[in-house]
Amino acid sequence: MNYFLENSKQRMYFCLFGMFLLAHGVAAAANIDWYPFAINEEQMSSITDFSGLNHSLGPTDRLFVKNAHFYRVGSDRQSNTKDDVRVRLFGISLSGPANFPKEEDASKIAKRLRSLGFNAVRLHQLDSVLSDSDDKPQGILTTGAYPTFNPTAVQRLRTLIEALRHEGIYVNLNLHVGYTFRYAVDQVTPLVPGESMPFASSPLHLFEPRMIALQVEYAQQLIRRLQLNNDPTLAMVEINNESSLVGAWQRKEVDSLQGEYQRLLQVQWQRWVQRQYGSVDKACRVWASCSMTKQGAVLVRQEEARAVAFGDGWVARGQQLAKKALAKIDVAPPAILEPKFNVPDAGPERRVVDFVRFLSDMDWQYLDTMRQAIRAEVGDMVPLTGTQMYYGGVMNADSQKDMDYLDEHFYVDHYDFPHQSWDRNDWRMRDQSAVREGFESLLKRAFYRSQKKPFVISEFNQAYPNRQSAEIMPVMVAIASAQDWDGLFFFHYADGNTWRALPDSFGLSGHAGQLVTTGISATMFRQFQIPALRESLTIPLVPEARLMLAAMGEGVSSDAYSEYLKKNLNIDVKEVFFKRVGMNYAAPVADLKTALSKSKSSVDEGSLGAIWSVNSGRMVSDRDAPNLTVVGQYSALFAGYSRMSISSSFSNLLTPVFSKEGRQFGVLLLVTRDAKPISKSHRLLLTLSGATTGTQPDTLPARPKNVVPYSGQSGWWTLEPDVSGATKPSGPRDATGPVWLERISVNFFYPSSAKRMLIYPLDGDGQRLAPVAASDVVRSGQGFNITLNKSSPWYEILLSDND
């Protein structure tokens, strides 16, 4: 769809074409014209170095929350005063051992990240691996009783934080991520004989009293040892990664509790019921069920949630099966098969809803305990969050009501492991695109945001070897900017054990196709170069609706939330392209009734793609190909598939026409490098990026490693196995060098009044190569017709008013 937006300061085109077309996309076997290219992350030229976005952090840079966004305190060092300055965070994760580089390497890493345009680092998985090593610590904890700290790891991390501060980079401190409690060593509640403690002890660590007490001690000690109590470098704290009791119940993890842990949660459930109803017997009568006994409450199994949506009994089960069957053949279900969204007053359905309320209250209790402990260390200013919204869904707004900001994760085409998790040589992917299959999922994230709190995506990626992975940063920046979100954190930078500058699963270092998009993406987001949508959409999501959605399993893969918005409020996820979306989680039922009476969708149901004009309010179908295009005053982007026909009303855009021999896919990014608008700039950086791959080992001459069908399965892809020793269907996701990039051969029109244009391809250091031939840069009418097909992903453009 094309969306035309305009404000008083600048004009911007925000285009998405054919978002829901090409559901399975172009075959991954399409021929790609590869060339070798490696980026020197240690040495960037001025045109490709974005260090100038940062300055060393000091007391005036301390962050806090104001008006639902992040601000720094300014020169008076006081919050909520006139000199407060809004800040957006464009960050990246360091995971596990990457948080503990040798002290002499800390400054180098910080400088690299600064040159790429990052102003925040997420310190992730500090606690996942226990390590007694003084030479190569893998985690911040030793094998001693939790929490026993590795002094070398602590010192190295403190040195890194100081290096980051010097380079103008904040830190996001993650607390509980991967530590798995050991009942004998840590003296926690024992498991059933033969049972293994789940990864990260989730969800046991959310309700077992000693585990919670130990997490409080860990948080306090970690903050003190890293000297973050009064450090402006600390931007925020994440308490718990991807874990809540509501989310665990939705994923049937609560169903599997045994022994003392089951009994412990049952006792707490019974106490909650007694507080709510006065006695277990009264609750039994309301529920029309005697599944509770004097010895304790029976936990509600997740499968009982279907009663909430469809009622109980064999008729309800038949309705649920019928709805699924109709969905498979794309037939809208009749009203009788639609889920119910009203909170039941009594019956078995009420018991399910009560249990969800109990779990949410337990989540709040855990987070509030941690919140108070952290506040005692860092004060009231540092923003805190509990866990990611999707892990529990909208009900997490209740358990996180006292948190300062809301957080979420987003991935396009995450790996699938058919046989063994994280098998290096047996994995597959769909080779999907963010502007094609991934877009609807991204748009849905907007409906978790609270209108009263900052919103952050603390993990996102479209990992190697996905062939459209170059699009992920600019696409995320475009949507986040239009929605006026507050932070984006790419996952992640590099393997801290090797620091290999080569494509490696989620790693950015060495992934040239993504690296060349990073600095421009950072500039666009951090400098507010894409204006936020002018019109806002505040959605009253009342507590009753949140309860019902959580009970139906929203927060896993359920479409209940989208159905609720559509059926009850006439809101389509594509509203994200027209309005800044924010949920009012504190709204009373009266606000919902008002919203229902005024509800009117902006989305044309008949269009798969459209041109949207704020001024005319018209929509015109455009079905050619899915892409996202933004042209602002200082920067521009195109990500996706090219259109075969271009509307005359958009003829002045930097719209690419790709070579017919290519995949018709590419990413184009443009930014001025002389602080002038595009219309007046004389020096710009242009990026052309596509697929990235490594080298197939043991081949002469060296050749690119190919994406191939996974075991002959339609729609699934993997990397071809290595030549030698291949016994499984996949090649490893950690690439062998050299790195290869897809050549993007493209023609486009550049509107300009300048008389002369020179274009220089750049090498891996960002240094100029021989200029593009004059025959490929031709003055025509009100600009230049440009043809590019060089073995480089980035170009320096120079414009002159002289012949």
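Here the focus is the overall build of the protein chain. Helix and strand counts for the protein chain come out as 17 helices and 32 strands. A separation of at least 24 residues holds for 74% of the contacts in the protein chain among residues at least 6 apart in sequence. As presented, the protein chain carries roughly 30400 Å² of accessible surface, and 49% of it is formed by carbon and sulfur atoms.

Judged by pairing direction, the sheet is antiparallel, and its 4 strands sit side by side in the order β21-β28-β31-β30 without closing on themselves. Both outer strands of the open sheet, β21 (657-658) and β30 (777-780), are each paired with one neighbouring strand and no more.

So, on to the packing of aromatic side chains. The relation between two aromatic rings is expressed through the spacing of the ring centres and the mutual angle of the planes. Enumeration according to the criterion identifies 35 aromatic pairs in this entry. On the numbers, 6.5 Å between centres and 55 degrees between planes, the contact of Phe90 with Phe525 is tilted. Here Phe525 lies in helix α14 (residues 512-526) and Phe90 lies in strand β7 (residues 89-95), a separation of 435 residues in the sequence. Here Phe90 and Phe525 have matching classes, each one buried.

With an omega dihedral of 0 degrees, the bond running from Tyr146 to Pro147 counts as a cis peptide bond. Mapping Pro147 onto the fold places it in the loop between β8 (120-124) and α2 (151-166). Here the amide bond leading from Tyr464 into Pro465 is cis, since omega sits at 10 degrees, within 30 degrees of zero. Mapped onto the elements, Pro465 comes out in the loop between β13 (455-461) and α13 (472-483). With a phi angle near 50 degrees, Asn67 is a residue other than glycine that sits in the positive phi range. With phi around 65 degrees, Asp484 is a residue other than glycine that occupies positive phi space. Its location among the elements puts Asp484 in the loop between α13 and β14 (487-490).

Moving on, we come to the nonpolar core. Among the nonpolar cores identified, the biggest contains 173 residues, and Ile140, Leu173 and Phe447 are the most heavily contacted of them. In terms of residues, this core owes the most to one element, helix α10 (residues 348-378), which gives 13 residues. Those residues in contact with Phe447 that sit more than four places away from it in its chain are Ile539, Tyr561, Leu565, Ile571, Asp572, Val573, Val576, Val581, Met583 and Tyr585. Membership of the second largest hydrophobic core comes to 25 residues, among which are Leu670, Leu684, Val772 and Leu799.

With that out of the way, let us pick up the pattern of salt bridges. Counted under the stated rule, the structure contains 38 salt bridges. Here Asp105 ties to Lys108 by a salt bridge, and the two come within 4.0 Å at their closest N and O atoms. With Asp105 and Lys108 both in helix α1 (residues 103-115) and 3 residues apart, the pair spans about one turn of that helix. In this structure Asp105 comes out as partly exposed when scored by relative accessible area, which is 27%. Across the pair Arg263 and Glu260 runs a salt bridge, and its minimum N-O distance is 3.1 Å. Taken together, the positions of Arg263 and Glu260, both in helix α6 (residues 259-277) and 3 residues apart, correspond to about one turn of that helix. On the basis of relative accessibility, which here comes to 43%, the residue Arg263 falls in the partly exposed class. A relative accessible area of 37% means that Glu260 is categorised as partly exposed. When salt bridges that share partners are traced, they join Arg86, Arg88, Asp484 and Asp486 into one network.

Tracing the sequence through the fold places Phe439 in helix α12 (residues 439-445). Owing to a relative accessible area of 0%, Phe439 belongs among the buried residues under this scheme. The spacing of Phe439 and Pro626 is 187 residues in sequence and 9.9 Å in space, taken between C-alpha atoms.

Taking 1.5 Å of rise per residue, the 16 residues of α2 would be expected to cover 22 Å, and the 23 Å separating its terminal C-alpha atoms lies within 8% of that figure. Taken as a whole, α2 has its buried residues at Thr152, Ala153, Val154, Arg156, Leu157, Arg158, Thr159, Leu160, Ile161, Ala163 and Leu164. Buried residues along α2 sit against β7, α1, β8, β9 (170-176) and α4 (209-225). Where α2 starts, the residue carrying a side-chain oxygen 2.9 Å from the main-chain nitrogen of Thr152 turns out to be Asn150. Immediately downstream of α2, the backbone of Gly168 shows phi near 80 degrees, a positive value.

Considered for burial, the residues of helix α16 (residues 560-569) that qualify are Ala560, Tyr561, Tyr564, Leu565 and Leu569. The buried residues of α16 occupy one face: seen down the axis, they fall within an arc of 135 degrees. Positive backbone phi, approximately 55 degrees, marks Asn570, located one or two places after α16.

A separate point is the packing of α6 against helix α7 (residues 280-287). Axes are the key here: two packed helices are described by the angle between their axes and the distance separating the axes. Remark: α6 packs on α7, axes separated minimally by 8 Å, with the N-to-C direction vectors making an angle of 80 degrees. As judged from the angle between their axes, α6 and α7 are roughly perpendicular. In contact with Trp269, Gln270, Val273, Gln274 and Tyr277 of α6, α7 contributes Val280, Lys282, Ala283, Val286 and Trp287. Among the residues making up the contact of α6 with α7, the classes are represented as 7 nonpolar, 2 polar and 1 charged.

Attention shifts here to the sheet that holds strand β12 (residues 406-411). Judged by pairing direction, the sheet is parallel, and its 8 strands sit side by side in the order β11-β10-β9-β8-β7-β14-β13-β12 without closing on themselves. Of all strands in the sheet, those with a lone pairing partner are β11 (384-385) and β12, marking the two edges. The pairing of β7 with β14 spans 4 bridges and is classified as parallel. The residue bridging Leu89 from the neighbouring strand is Gly487, located in β14.

The next point concerns the pairing of strand β10 (residues 234-240). Taking burial as the measure, the 7 residues of β10 include 7 buried ones, the bulk of the element. Bridge count between β9 and β10: 5 bridges; the pairing is parallel. Bridging from a neighbouring strand, Asn172 pairs with Met236 of β10. By the bridge criterion, 2 bridges tie β10 to β11 in an arrangement that is parallel. Within the sheet, the bridge partner assigned to Glu238 lies in β11 and is Thr385.

Procedures and definitions
- Residues numbered from 1 in each chain as written.
- Predicted model: local features only at pLDDT ≥ 70, side-chain atom pairs only at ≥ 80, totals over all residues.
- Heavy atoms only, no water.
- Helix = DSSP H or I, 4+ residues; strand = E, 2+ residues; numbered from the N terminus.
- Contact = heavy atoms within 4.5 Å.
- Areas by Shrake-Rupley, 256 points an atom, 1.4 Å probe, with all protein chains shown as cover.
- Pairing = 2+ DSSP bridges.
- Phe/Tyr/Trp six-rings, centres within 6.5 Å; stacked < 30°, edge-to-face > 60°.
- Buried < 20%, exposed > 50% of the residue type's maximum accessible area, 1.4 Å probe, protein only.
- Core = buried A, V, L, I, M, F, W, Y, C linked by side-chain atoms within 4.5 Å.
- Salt bridge = Lys/Arg side-chain N within 4 Å of Asp/Glu carboxyl O.
- Expected span 1.5 Å × (residues − 1).
- Polar contact = N/O pair within 3.5 Å; in protein donor to acceptor, adjacent residues only side chain to side chain.
- Arc of directions from axis to C-beta.
- Axes fitted to C-alpha atoms, helices over the stretch in contact; angles between N-to-C directions.
- Parallel < 35°, antiparallel > 145°, perpendicular 65-115°, else oblique.
- Nonpolar A, V, L, I, M, F, W, Y, C, P; charged D, E, K, R; others polar.

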